[in-house]
Amino acid sequence: MGGLLNTLWRSVILDDSAFQDWSERPNVFLRGIVLIILVTLVAEIIVFGISLVNQVQPVDLTVIPEEMNRWYETQSQWTPEMGPEFRKFWEGTMDVMFPMFRDLSEIKAPLPQGIIGFLNAVGGWLARSVAALGGWLLYGALVLIAVRLLGGKAKLPVFLGSVALYIVPGLLAVLQPIPCLGLLLALAGTVWSIVVYMKATSVVTGLDTGRAIVAVVAPIFVITALSILLFGLTMVWFAVIF
């Protein structure tokens, strides 16, 4: 355990030998999966606790119209176009929706509120780990394509397992619920995670730092360009159809 923690720490401070040691460990791909799941769960533990408390408490119907009216007032300050007609529409919508919320809250669930809330909170907690795994797999595959186009070499399982070290600085996200400071620390962890990802890519694939940065960043531009193209084609399709 001590050796493992030492390797993880050395990866955070960008020690080349740490990435090399990690990539040479047996079952590095499975180790990457476990690392991402554990770090994500730990980083989200406080958020999970807050969600659990909120989920197990009964719904306070009086809060719903207050929050919706607060949202409207905030939006109207930034959007002057929301005049009296929209206000009338908004109030009519509230008159329709609030009774629906009240009727839904009166429906008896098959399980007690506490159990349902607990299951919902746990489900959301685990879902964030699954999302992190999905992003790691998809983005890693795209980065490896760029790596090979730039002259680097690595097998997909070894590459994915090696770059999984990027998740370690994400532990700072556990402090995110702390006002102001928590957000800054979480942002710092995100930035450093990107740096670790670039370093891992360089060490494992043999690319120099410049090409490793290009390989890691390139998929962002490709995905953005494809998204813009898809959006444009969708708008053209709607214009033609309608």
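Basis of the calculations
- Position numbers for residues count from 1 along each chain, tracking the sequence in the order it is written.
- Since the coordinates come from a predicted model, pLDDT governs what is reported: local features require at least 70, and pairs of side-chain atoms require 80 or more to be given and counted, while whole-chain, interface and lining totals use all residues.
- Only heavy atoms go into the side-chain values, all of them from the structure, while hydrogens and water stay out.
- Strands here are runs of E lasting at least two residues and helices are runs of H or I lasting at least four, both read from the DSSP assignment and numbered beginning at the N terminus.
- Accessibility here uses a 1.4 Å probe with only protein chains present; expressed as a share of the type maximum, an area under 20% marks a residue as buried, one over 50% as exposed, and anything in between as partly exposed.
- Note on contacts: a residue pair qualifies if any of its non-hydrogen atoms lie within 4.5 Å across the two residues.
- Where accessible areas are quoted, they stem from the Shrake-Rupley method and a 1.4 Å probe; at the residue level, only the protein chains shown are allowed to cover.
- In a helix, the anticipated span is given by 1.5 Å times the number of residues less one.
- Polar contacts here mean pairs of N or O atoms no more than 3.5 Å apart (in protein, one a potential hydrogen donor and the other a potential acceptor; neighbouring residues in sequence count only if both atoms are side-chain atoms).
- Pairing of aromatic rings covers Phe, Tyr and Trp, the last through its six-membered ring, and needs centres within 6.5 Å; plane angles under 30 degrees mean stacked, over 60 mean edge-to-face, and all others mean tilted.
- Any Lys or Arg side-chain nitrogen located within 4 Å of an Asp or Glu carboxyl oxygen qualifies as a salt bridge.

Summarise the overall build of the protein; cite the residues concerned and give the values.
Looking only at helices and strands, the protein has 10 helices and 0 strands in total. Across the protein, helices and strands are ordered from the amino to the carboxyl terminus as α-α-α-α-α-α-α-α-α-α. When each of the 242 residues of the protein is scored for burial, the buried share is 30%. Summarising the internal contacts of the protein: among those between residues at least 6 apart in sequence, 70% fall at separations of at least 24. Only carbon and sulfur atoms are counted for the fraction: they give 73% of the accessible area of the protein, which is about 15100 Å².

Explain helix α9 (residues 181-205) to me, using residue names and the numbers behind them.
Relative to the 36 Å expected for 25 residues at 1.5 Å per residue, α9 spans 36 Å between its end C-alpha atoms, a close match to the ideal helical length. Within two residues after α9, G206 carries a phi angle of roughly 85°, on the positive side.

Would you mind going over the side chain of T205 in detail, with residue names and values included?
Its location among the elements puts T205 in helix α9. Given a relative accessible area of 8%, T205 falls into the buried group. Within the structure, the side chain of T205 is placed 2.5 Å from the backbone oxygen of T201, a separation counted as a polar contact. Apart from residues no more than four positions distant in its own chain, T205 is found in contact with V147, G152, K153, A154 and F159.

Go over the packing of aromatic side chains with me, naming the residues and quoting the values.
Given two aromatic rings, one states the distance between the centres and the angle between the planes to describe the pair. Enumeration over the complete set of coordinates arrives at 4 aromatic pairs. Ring geometry for F48 and W125: centres 4.4 Å apart, planes at 20°, overall stacked. Note that F48 is positioned in helix α4 (residues 45-56) and W125 in helix α7 (residues 113-149), a separation of 77 residues in sequence. The exposure class of F48 is buried, given its relative accessible area of 11%. Since its relative accessible area comes to 18%, W125 is described here as buried. Counting every residue linked through ring pairs, the aromatic cluster contains Y139, Y166 and Y197.

Kindly report on the pattern of salt bridges, identifying the contributing residues and their values.
By the definition in use, this model includes 5 salt bridges. With a closest N to O distance of 3.1 Å, R10 and D21 form a salt bridge. Taken as a pair, R10 in helix α1 (residues 2-12) and D21 in helix α2 (residues 16-23) lie far apart in primary sequence, 11 residues in all. For R10, a relative accessible area of 15% corresponds to the buried category. By sharing partners, the salt bridges in this structure join R10, D15 and D21 into a single network.

Just give me the short version of unusual backbone geometry, but keep the residues and values in it.
Backbone geometry places N27, a non-glycine residue, at a positive phi of 55°. Here N27 falls in the exposed class, since its relative accessible area comes to 56%. Positive phi, close to 65°, is recorded for C180, a residue that is not glycine. Mapped onto the elements of the fold, C180 is located in the loop between α8 (156-163) and α9.

Can you break down the environment of I33 residue by residue, with the values?
Of note, I33 is situated in helix α3 (residues 28-43). For I33, a relative accessible area of 24% gives the class partly exposed. Residues I33 and S129, 96 residues apart in the sequence, show an inter-C-alpha distance of 9.9 Å.

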